[in-house]
Amino acid sequence: MVESGAAGEHGTYRWIVVGVSTAVNALAWGLRATFALFYVAMLGEFTWGRGPTALGYSLNWLGFVVFAPIAGWLFDRWGARAVVTIGGVMLGVALALTGRMTSLSEYYLCFGLLGAAGLACMIIPSTTIVTRWFVRSRGTAMGILSAGNSAGAVAFYPVNAWLIVTLGWRGALVAFGGAVCITTVSLALLYRDPPLDEPRGRDAERAPFDSEVWTLRRASRSVRLWAAFSMTALGVIGYQIMATHQVAHAVDRGFAPATVVWLFAFGAGCMMAGNLLGGWLSDHLGRGWVFALGSVVAIAGIGCLALIRGPQDLALLLLYAVSGFGFGMRIAQLSAIPADAFSGPHLGAILGVVQAGGGLGGAIGPFLGGWLFDVTGSYQLAFAAAGVAVAGSAGAAWIASTSAWSRPESRR
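If you're wondering where the values come from, they're calculated on a predicted model, not measured in any experiment. (Residues numbered from 1 in each chain as written. Predicted model: local features only at pLDDT ≥ 70, side-chain atom pairs only at ≥ 80, totals over all residues. Heavy atoms only, no water.)

(A) The overall build of the protein chain, seen in detail. Helices and strands together make up the secondary structure of the protein chain, namely 15 helices and zero strands. For 412 residues, the compact-globule estimate of 2.2 N^0.38 gives 22 Å, and the C-alpha radius of gyration of the protein chain, at 20 Å, lies within 12% of that figure. Principal-axis analysis of the C-alpha atoms places the extent of the protein chain at approximately 65 × 40 × 35 Å. The proportion of buried residues among the 412 residues of the protein chain is 57%. Looking at the protein chain alone, contacts between residues at least 24 apart form 87% of all its contacts between residues at least 6 apart. Here the protein chain displays about 15,400 Å² of accessible surface, and carbon together with sulfur accounts for 71% of that area. The distance from the centre of the 25 positive side-chain charges to the centre of the 18 negative ones in the protein chain is 3 Å. (Helix = DSSP H or I, 4+ residues; strand = E, 2+ residues; numbered from the N terminus. Rg over C-alpha atoms; globule rule 2.2 N^0.38 Å. Buried < 20%, exposed > 50% of the residue type's maximum accessible area, 1.4 Å probe, protein only. Contact = heavy atoms within 4.5 Å. Areas by Shrake-Rupley, 256 points an atom, 1.4 Å probe, with all protein chains shown as cover. Lys, Arg positive; Asp, Glu negative; His and termini not counted. Charge placed at Lys NZ, Arg CZ, Asp CG, Glu CD.)

So this is what it looks like as structure tokens:
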């Protein structure tokens, strides 16, 4: 009876962990999802050009390459509560300082590097702790967690747009930074690590058996780790080209900013639905198949946005927003696939390396899109590059998810 009670308590608490991590991710990714709003506002004040201005966002991702493995290593030693708290404070300070910057160097340092450190310390521990609490239903849990990314866009697109109109983009960054800091620190107090010596409810029934512990050194010799790294890097390149430049492209084509904000908020809602369904489907059909299906939908949406010529093409813009469903199906797999392969006490450091691929992709994507626009005068080539990157990430995901543990029925 004691063991049953403990298992029930842990079974209930693991969903609290999912809820807390989802909220933390919503705050962290809410900033990245709405950067396009601040990007357009900064273009209006400064004469830096689209490429150099987007480079600050790219540096934020590039810094993530360095800080993500460190955050994972710290998580393996200190736990989620301490590291997420540090991340929330760092990100809040970074946003406040960015709201006061007057030069490119200050922008790159505050938003690019300090912001990257804060995001890494929020995202990596909040993701890894969920994968440790779940095994059999890992895809479903990660789908819910990934929905926090989309929820951040749904919530903060209109909120940050209103803050920019009301306070200016500088005041909006300071206000948003304060909210991120206070909320993250409060949420982090609810974390506790999963028990190491007890099964986690029914999830333990299908836990994969591996007599040798996965260390970062051992994982670095595995093809699947670098396939997962490539999956994440290419996927983020494609996604961030679109996420960073979609607002600017739609405004350039004559759409009213208010229409763009609400339509892309709807797109974020579609992405959230894709997160949830994609995570659940991956527990039943396999991660690689779901990733491939989501990629087809995402590429079709990119094509729709590229075909837009003016406000008369509102239907195409709507179809692009709906294609967020496909992007969402993919996002839910980015942590579930490597967690299936490398679960163990060093998973934080391993996931940090995989997510560093996302940092590399995020560094390339926004700047590449802006640079291609500056060179060609349009986003057509940039959107083509995004489609190729999405297709490449699907191939890498297929390799990364192919093993004895890639399908649910093999985890008995």
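(B) Molecular detail of a nonpolar patch on the surface. A cluster of nonpolar side chains, Leu62, Leu360 and Ile364, forms an exposed patch at the surface whose accessible area comes to about 210 Å². Within the secondary structure, Ile364 sits in helix H14 (residues 347–376). (Patch = residues over 30% accessible without salt bridge, like charges linked within 9 Å, V, L, I, M, F, W, Y side chains within 5 Å. Salt bridge = Lys/Arg side-chain N within 4 Å of Asp/Glu carboxyl O.)

(C) Local environment of the nonpolar core. Residues Val130, Tyr157 and Tyr191 are the most contacted members of the largest nonpolar core, which totals 99 residues. Here this core gets 16 residues from one element, more than from any other, and that element is helix H6 (residues 138–188). Ignoring anything within four residues of it in the chain, the contact list for Tyr157 reads Ala33, Thr34, Ala36, Leu37, Gly152, Gln246, Val247, Val261, Phe264 and Ala265. Counting residues in hydrophobic clusters, the runner-up holds 20 residues, among them Ala227, Met231, Ile337 and Ile350. (Core = buried A, V, L, I, M, F, W, Y, C linked by side-chain atoms within 4.5 Å.)

(D) Expanded view of the confidence of the model for the protein chain. In this model, the protein chain carries a mean pLDDT of 85, and residues with pLDDT of at least 70 account for 91%. The model gives residues 197–210 a pLDDT under 50, and that stretch makes 32 contacts with residues more than four places away or in other chains. Counting interchain partners and residues more than four positions distant, the pLDDT-below-50 stretch residues 404–412 has 26 contacts. (pLDDT = per-residue confidence, 0-100.)

(E) How the structure looks around the layout of surface pockets. Taken as a whole, the second largest pocket encloses approximately 280 Å³ of empty space. Broken down by secondary-structure element, the contributors of at least two residues to the lining of the second largest pocket are helix H2 (35–45), H6, helix H8 (223–252) and helix H9 (257–285). A class-by-class count of the residues in the lining of the second largest pocket yields 13 nonpolar, no polar and no charged. (1 Å grid on protein atoms, 1.4 Å probe; cavity = no way out; pocket = protein on both sides within 12 Å on 5 of 7 lines; lining within 4 Å. Points joined across faces, edges and corners; volume = space filled by probe spheres on them. Nonpolar A, V, L, I, M, F, W, Y, C, P; charged D, E, K, R; others polar.)

(F) Just the pattern of salt bridges, in detail. Here the structure, examined in full by the defined rule, presents five salt bridges. Salt-bridge contacts for Glu45 lead to Arg170; the nearest nitrogen and oxygen are separated by 3.0 Å. On the criterion of sequence distance, the pair formed by Glu45 in helix H2 and Arg170 in helix H6 is long-range, its members being 125 residues apart. In this structure, Asp340 engages Arg138 in a salt bridge whose closest nitrogen and oxygen atoms are separated by 3.0 Å. Of the two residues, Asp340 sits in helix H13 (residues 333–342) while Arg138 sits in helix H6, which places them 202 residues apart along the sequence. Taken together, the shared-partner salt bridges connect Arg138, Asp283, Arg287 and Asp340 into one network.

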